[in-house]
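Summary of structural features
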Amino acid sequence: MTAFFSRRKLTAWGLAFAALAACAAPFAHAQTPVEGPLTLVVGYTAGGSTDRIARLVAERLGPRLGVAVTVENRPGEGGRLAAKEIKRAPAGQNVLMLGNPAVMVVAPLVFKDLGYDPDKDFVPVSQVSSYDFALAVGNKLQLDRAMFLVGRLWAHPEEAVFGVPATGSLPHFFGLMVGDALSVQPQIKGYGGSAPLSADLTGGNLPIAIDTLDSLYAQHVAGKIRILAVSGKKRVSFAPAIPTFREAGMKIDADGWNTFFAPAAMPPAKVQQLATAIRDVMQDPALQKAANAAYITPIVSTQAETAQMLKSFRQQWEPVVRRSGFQP
């Protein structure tokens, strides 16, 4: 038997193998190292924006991976309890945590004995949403533009009392950024969440509030308060009439995010597979429409883009948090 093959035969075999590979590609793409159910852990009670985006993702991620995907709420310690539990997950456990800046950026800067290290205990997987902060006033002030509020606070700096959902929250530190931009020293008044903050604002007991846009927007639409500016670099798609801080003359912009994190013990191949799958489902027009309807800005991001976002975010916020001197 000769070992010689003609060029024609080699070409034919090459085409045959190429066709076979093309037919097999969809099946190879469908394979996943995720075996068994996947749990998406949210460190807050059901109903909030973090929980809502987690459930929108879970609904579509299950069919994409071919496994059951559920959302589990583990509230406590402002989301830190879930982080402390998830960091101990063994390599074979299919679990992701949906984290935010309060848990993964602010807490490590202000707590001495946190119980977890965001860099050592977790691996970023994929960002799925972003959110703006909003500056709102009660109707007693009868102001409809941020520039009018700026003029008022310059004339009466003692009125610069900013209500925020909690001291140590991102709206708290964004309030300090607003104060710097206005050259005023704001007094930060912390509440036990967005609900009591909104109640005081609509009831006339608080003139100025800073919170996430999704927490304030329904009251704005109802005419009970007025949002004067949002913190993003551009206007929000579901609230196009509200200007940004930069459009209002203040040179600041900032946002928050929800990002999936895997425990460090999870194999890199599984992390990458999950990152790709989540990015795929975030491109679903139906998901994006549902997110916008829930006042959530969906984000499509690769694992590398997510890591870069986190790096830039820390560079922006760490000096603000440290300069504040805040201690829980």
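Scroll up to find the structure.
Quantities reported herein were computed from a predicted structural model and do not represent experimental measurements.

We now examine the nonpolar core. One broad rule of soluble globular proteins: the nonpolar side chains tend to lie buried together. Counting 55 residues, the largest nonpolar core has L149, F174 and W317 as the members making the most contacts within it. Counting 32 residues, the second-largest nonpolar core is a separate cluster that includes A54, V57, L96 and I278.

What follows deals with helix α9 (residues 213-221). Of all the positions in α9, only L213, D214, L216 and Y217 are classed as buried. Around the axis of α9, the buried residues are gathered within 160° of arc, so they sit on the same side. On its buried face, α9 is in contact with α2 (49-65), β5 (133-138), α8 (194-202), β8 (208-212) and β9 (225-230). Positive phi appears at G223, one or two residues downstream of α9, with a value of about 80°.

Right, let's talk about the packing of α2 against helix α11 (residues 285-293) for a bit. Viewed as axis vectors pointing N to C, α2 and α11 meet at an angle of 165°, and their least axial separation amounts to 10 Å. By the angle between their directions, the pair α2 and α11 is classed as roughly antiparallel. α2 and α11 meet at a crossing whose hand is right-handed. Here α2 contributes L56, V57 and R60 to the contact with α11, which in turn contributes A286, L287, A290 and A291. Taken together, the residues of the contact of α2 with α11 sort by class into six nonpolar, no polar and one charged.

To continue, consider helix α12 (residues 303-324). Helix length check: α12, at 22 residues, gives a terminal C-alpha distance of 31 Å against a target of 32 Å (1.5 Å per residue), a fit within 8%. Of all the bends in α12, the largest measures some 30° and sits at W317, one to four residues before the proline P319. Taken together, the buried positions of α12 are occupied by T306, M309, L310, F313, W317, V320 and V321. Where α12 is buried, its residues contact α4 (101-110), β4 (122-131), β5, α7 (170-182) and β10 (256-263). Positive phi shows up at G325, right after α12, with a value of about 70°.

Definitions and limits used
- Residues numbered from 1 in each chain as written.
- Predicted model: local features only at pLDDT ≥ 70, side-chain atom pairs only at ≥ 80, totals over all residues.
- Heavy atoms only, no water.
- Core = buried A, V, L, I, M, F, W, Y, C linked by side-chain atoms within 4.5 Å.
- Buried < 20%, exposed > 50% of the residue type's maximum accessible area, 1.4 Å probe, protein only.
- Helix = DSSP H or I, 4+ residues; strand = E, 2+ residues; numbered from the N terminus.
- Arc of directions from axis to C-beta.
- Contact = heavy atoms within 4.5 Å.
- Axes fitted to C-alpha atoms, helices over the stretch in contact; angles between N-to-C directions.
- Parallel < 35°, antiparallel > 145°, perpendicular 65-115°, else oblique.
- Left-handed = near helix turned anticlockwise from the far one by under 90°.
- Nonpolar A, V, L, I, M, F, W, Y, C, P; charged D, E, K, R; others polar.
- Expected span 1.5 Å × (residues − 1).
- Bend = angle between axes of the 7 residues up to and from the residue.

These values are about where atoms sit, not about what they do.
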